[in-house]
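Listed below, chain by chain, are the residues.
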Amino acid sequence: MRLLIVQEYDDLTLRRFLRARDLDIDKACTMFLKYLKWRKSFVPTGSISVTEIPNHIAQNKLFMQGTDKSGRLITVVFGGRHYPNNPGGLEEFKRYVVFTLERIIARYDHFDSLVK
């Protein structure tokens, strides 16, 4: 069962969990399984839709603006546009953060060049 789950993720993702736990396979495996459990409960459909985070999208607080000379994605965040008492509350904000990070990673073609 674990082998089937791991095959859905690339080597870079698995390496990130190993590095986070100082290459301790048991600890990395535990952390990875906790991540999968969280992911399944937090994002049951596999991705977050714009319709789930309308209040944060409407604030226009984040823009992706191409790449720099090294090919890294430029992301501009306007912290002053974040209103903590926004309708939707903390749960919607968490979904917005996950949505944003997924979009950034999806747009980055040379993600593996950052991992050293």
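Everything that follows concerns the structure shown earlier in this document.
Residues numbered from 1 in each chain as written. Predicted model: local features only at pLDDT ≥ 70, side-chain atom pairs only at ≥ 80, totals over all residues. Heavy atoms only, no water.

Novice: Can you help me understand the packing of aromatic side chains in this one?
Specialist: Any two aromatic rings considered together are summarised by their centre-to-centre distance and by the angle between their planes. For the structure shown, the criterion picks out 6 aromatic pairs. Considering the side-chain rings of F17 and F32, the 5.1 Å spacing of their centres and the 80 degrees angle between planes classify their relative orientation as edge-to-face. Remark: F32 occurs in helix α3 (residues 25-42) and F17 occurs in helix α2 (residues 11-20); sequence separation between them is 15 residues. When sorted by exposure, F17 lands in the same class as F32, which is buried. Ring geometry for F17 against Y35: centres 5.4 Å apart, planes inclined by 50 degrees, an arrangement best described as tilted. Of the two residues, F17 is situated in helix α2 and Y35 in helix α3; the sequence distance between them amounts to 18 residues. The class for F17 is buried, based on a relative accessible area of 5%. An aromatic cluster is built from F17, F32, Y35, W38 and F42, whose rings are joined through pairwise contacts. Above the ring of F78, the side-chain terminus of R81 is found at 4.4 Å from the ring centroid. Lying over the aromatic face of F42, R95 brings its terminal NZ or CZ to 4.6 Å of the ring centre. (Phe/Tyr/Trp six-rings, centres within 6.5 Å; stacked < 30°, edge-to-face > 60°. Helix = DSSP H or I, 4+ residues; strand = E, 2+ residues; numbered from the N terminus. Buried < 20%, exposed > 50% of the residue type's maximum accessible area, 1.4 Å probe, protein only. Lys NZ or Arg CZ within 6 Å of the ring centre and 35° of its normal.)

Novice: Just to check I follow, could you spell out the environment of E102 for this structure?
Specialist: Relative to the helices and strands, E102 is located in helix α5 (residues 89-107). Separated by 54 residues in sequence, E102 and I48 have C-alpha atoms that sit 9.0 Å apart. Residues contacting E102, with those up to four places away along its chain left out, are R39, S47 and I48. Side chain to side chain, E102 and R39 meet in a polar contact 2.4 Å long. (Contact = heavy atoms within 4.5 Å. Polar contact = N/O pair within 3.5 Å; in protein donor to acceptor, adjacent residues only side chain to side chain.)

Novice: I keep staring at the side chain of R95 and nothing clicks. Help me out?
Specialist: With respect to the helices and strands, the residue R95 is situated in helix α5. In this structure, R95 is in contact with F42, I48, E52 and I53, ignoring residues within four places of it in sequence.

Novice: Would you take a moment to explain the packing of α3 against α5 for this structure?
Specialist: When two helices pack together, their arrangement is given by the angle between the helix axes and the distance between those axes. Where α3 meets α5, the closest approach of the two axes is 12 Å, and the angle between their N-to-C directions is 115 degrees. Of the possible angle classes, the one that applies to α3 and α5 is roughly perpendicular. Between α3 and α5 lies a crossing of left-handed hand. On the side of α3, the interface is formed by W38, R39 and F42, while α5 contributes E91, K94, R95, V98 and E102. For the contact of α3 with α5, the per-class residue count stands at 3 nonpolar, no polar and 5 charged. (Axes fitted to C-alpha atoms, helices over the stretch in contact; angles between N-to-C directions. Parallel < 35°, antiparallel > 145°, perpendicular 65-115°, else oblique. Left-handed = near helix turned anticlockwise from the far one by under 90°. Nonpolar A, V, L, I, M, F, W, Y, C, P; charged D, E, K, R; others polar.)

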